[in-house]
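Coordinate analysis (summary)
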Amino acid sequence: MQEFFFVYFWSKQSLNMSQSIISTSIEYLKGVGPKRAEIIKKELGLFTFEHLLNYYPFRYIDRSKVHLIKDISSTEIHVQLKGKITRVTEAGEKRGKRLIAYLQDESGSIELVWFKGIKWVKPKLIVGKEYTVFGKPSQFSSSFNLVHPEFEEKQTNSTIQASLQPVYSSTEKANSSGLNSKGIAKLTKSLVLQINSQVPETLSHAVTSEMKLMPKERALREIHVPSNAENLKKAIFRLKFEEFFFLQLRLLKQKVIQEQKLRGFIFDTIGESFNTFYKTKLPFELTGAQKRVVKEIRNDMGTGKHMNRLLQGDVGSGKTLVGLLSMLIAKDNGFQSLLMAPTEILATQHYSTIAKYLEGTGVTVSLLTGSSKTSERKIIHEQLLSGELDILIGTHALLEDIVQFKNLGLSIIDEQHRFGVKQRSKLWEKNTIPPHVLVMTATPIPRTLAMTVYGDLDISVIDELPPGRKEISTTHKFDKDRLYVFKFMEKQIAEGRQVYVVYPLIEESEHLDFKDLMDGYESMARRFPLPKYKLSIVHGKMKAADKEYEMQQFAKGHTQIMVATTVIEVGVNVPNATVMVIESANKFGLSQLHQLRGRVGRGSDKSYCILMTDYKLSETARTRIDTMVRSNDGFEIAEEDLKLRGPGDILGTQQSGILDLKIGDLIKDNKLVATARNLASEILIKDPGLELQENYLIRQQLAELIRKKPNWGRIS
Ligand code: ADP
Ligand code: MG
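Residues numbered from 1 in each chain as written. Chains lettered and ligands numbered in written order. Predicted model: local features only at pLDDT ≥ 70, side-chain atom pairs only at ≥ 80, totals over all residues. Heavy atoms only, no water.

**Some details on the site of ligand 1**
Taken together, 17 residues are adjacent to ligand 1, and Q290, G316, K319, T320 and R469 come closest. Taking K319, its side chain carries an N or O atom lying 2.8 Å from an oxygen atom of ligand 1. In isolation ligand 1 exposes 560 Å². Once the protein is present, 85% of that is buried. (Near = heavy atom within 4 Å. Polar contact = N/O pair within 3.5 Å; in protein donor to acceptor, adjacent residues only side chain to side chain. Areas by Shrake-Rupley, 256 points an atom, 1.4 Å probe, with all protein chains shown as cover.)

Structure follows, in structure tokens:
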């Protein structure tokens, strides 16, 4: 009872206060006025005190550190120096005119240079006096100087004594109106000092005390005017947590609403198809991870919930089989399934694997791709409508409106990142009640990011490879090592193994790449001549049927070397291939390299990946290659990839607004994201409508956020 009153009183009070000051229009801030307010609104998008409070610095300059002049190196962003002015002089004429002062400390001397404001600066620089100087070094031939540094006499210690100085982003226009970083800092400082118990708390008492969070107002004060490094850290923590917390809360609420709205087909029978296959056809024991995932899928589909699940598993972890088992469950419950793959080669391969598995089980399966003949299509269309066909495998061709089912119950999408959101939603329209959806991907997105970006998907992970797989040994070789690489290929082929040689395909320069591929093929053919050796070639300019023929030749072991562009990147399965040579490996992205490497190491023989490059490598290319050599772990590689490229780039979701965070970083702060999500989820489980008094503040803030950004990110 007591607590109830306390919370009630507290929240009510803070709400009243919030109406008082932070919603005040920006022109009423001291030092702003109507003219500057215009610029602040237009250029920085800040209309109220609250907006300014939420305009966080993007970094801080540490003013507690004093550098020695001799230690200045080009890498330093800003330096603070203490020393004596030994000489002041003017040089140049008219527009080239400049003021030069020489500052000396115990370690050396440096030039301070002014091109502007000379009249104003000069009288303040007194030879023989001690100064504190702050600025950004620039390199001038072999030495450094500071252009337009801040400076003050050492004793006064007044304006530049703060040890951590915030740096704000600004625009060119704002800059020229005095609203550069420093100008903004002045405003935030004056605002922060004027505020006293007027910023409402946005998190409940339970949350702030569990997470040991600094109160909101104090955090805002510290983020703009840090009292010391430790408090700043706490403030950042508090604001990051809050950002993640409301992000997750919102996602989770959407998910709950969607689950309530969307009821799925109930597949509660595990029947003859599944059991026959499992007992008599399955050529190996499922891995523990596969069993767990199948159970998760059964749980989803068996309960009346609409399944919308992302299945992540490294290349070769056995996702296809999990997909097949799910489709057999659909069949046992009287429903049809489809499996969609991004390329014709992959769809064809899925088809032949699955068709072979299903021989003699009575379950029917067909393949539909862009190159299916009209007569074949007609039969498929009819069999789909009559219900004769249980499983349809194919490419984008499956999305066409003419492809209609009698009773589609499950849609599986392989290698999800190749398909857009639109395509995914098209699959939903193939039945009046949307079919269950299973999305399989070998691009392991770090869990915290996945659960945020695909907030509406449940996630399963196969984190275990089938037994007997050996690590693929990866090396980096330069062009000059080519003879050695050929020798190595020769040895492997002599042992009966097969080799991939892959060339990059970059769309903009398709022509050039094609030439590279052909040159490579020719030199390979010279080195590995007929009749002893047979080569296959596959590239984007070939007809689908020809590609397919070449792939089959290689898969059957009729050819020993497959020269290809990245068309073989996804999914292709030839267990006897043990060597993957990647030409111009520096031109590939990390996840692509990892995918390509996953084409080998699929059988019982030791496998190798050889990354070929020239000597000239950019720094990120070097990091990518090193990462590949060091690690076989798809998740580790994905994290590195995210660091190199950023999440928006990888997921193509920059526009969604979800990744649009003010202070948090979904990758670097992934632990905190998970904590925030767990806490948000606990709260929603106890109080789905956030109706309890103890969650009053949270509900208020959530409503406020929704009001401000109503169309916020649905991407899946
Ligand atoms: P992914 O699609 O996840 O890259 P696949 O489904 O293509 O992997 O499987 C890769 C290979 O591993 C296939 O040859 C498949 O037959 C085999 N495989 C799958 N599961 C198992 C298992 N539990 N034990 C042994 N081999 C397996
Ligand atoms: Mg696969």
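**Examining the packing of helix α9 (residues 229-261) against helix α24 (residues 670-686)**
Between two packed helices, the angle of one axis relative to the other and the distance separating the axes together describe the packing. As a packed pair, α9 and α24 sit with axes 8 Å apart at the nearest point and diverge in direction by 50°. Classified by the angle between their axes, α9 and α24 sit oblique to one another. With respect to the hand of their crossing, α9 and α24 are arranged in right-handed fashion. Here F237, K240, F241, F244, F245, Q248, L249, L252 and K253 of α9 lie close against α24, whose contacting residues are L672, V673, A676, R677, L679, A680, S681, I683 and L684. (Axes fitted to C-alpha atoms, helices over the stretch in contact; angles between N-to-C directions. Helix = DSSP H or I, 4+ residues; strand = E, 2+ residues; numbered from the N terminus. Parallel < 35°, antiparallel > 145°, perpendicular 65-115°, else oblique. Left-handed = near helix turned anticlockwise from the far one by under 90°. Contact = heavy atoms within 4.5 Å.)

**Looking at the pattern of salt bridges**
This model, assessed by the stated rule, comprises 31 salt bridges. Its salt-bridge partner being R377, residue E400 comes within 3.8 Å of it at the nearest N-O pair. Residue E400 is located in the loop between β13 (391-394) and β14 (408-414), and its partner R377 is located in helix α14 (residues 374-386); the two are separated by 23 residues in the primary sequence. Under the relative-accessibility criterion, R377 is labelled buried at 17%. When salt bridges with common partners are traced through the structure, they connect E296, D300, K305, R309 and D458 into a single cluster. (Salt bridge = Lys/Arg side-chain N within 4 Å of Asp/Glu carboxyl O. Buried < 20%, exposed > 50% of the residue type's maximum accessible area, 1.4 Å probe, protein only.)

**Remarks on the packing of aromatic side chains**
Scanning all chains against the criterion turns up 15 aromatic pairs. Ring centres of F478 and Y615 lie 4.4 Å apart, and the angle between their planes is 20°; on these two criteria the pair is classed as stacked. Of the two residues, F478 is situated in strand β17 (residues 473-478) and Y615 in the loop between β22 (608-613) and α21 (619-630); the sequence distance between them amounts to 137 residues. Residue classification places F478 among the buried positions, given a relative accessible area of 18%. Classification of Y615 by relative accessible area gives exposed; the value is 51%. Ring plane angle 80° and centroid distance 4.8 Å describe the contact between F488 and Y608, whose orientation is recorded as edge-to-face. Of this pair, F488 sits in helix α17 (residues 482-494) while Y608 sits in strand β22, and the two are 120 residues apart along the sequence. Here the two residues F488 and Y608 agree in accessibility, since each one is buried. Cation over ring: K606 sits above Y608, and NZ or CZ is 5.8 Å from the ring centre. (Phe/Tyr/Trp six-rings, centres within 6.5 Å; stacked < 30°, edge-to-face > 60°. Lys NZ or Arg CZ within 6 Å of the ring centre and 35° of its normal.)

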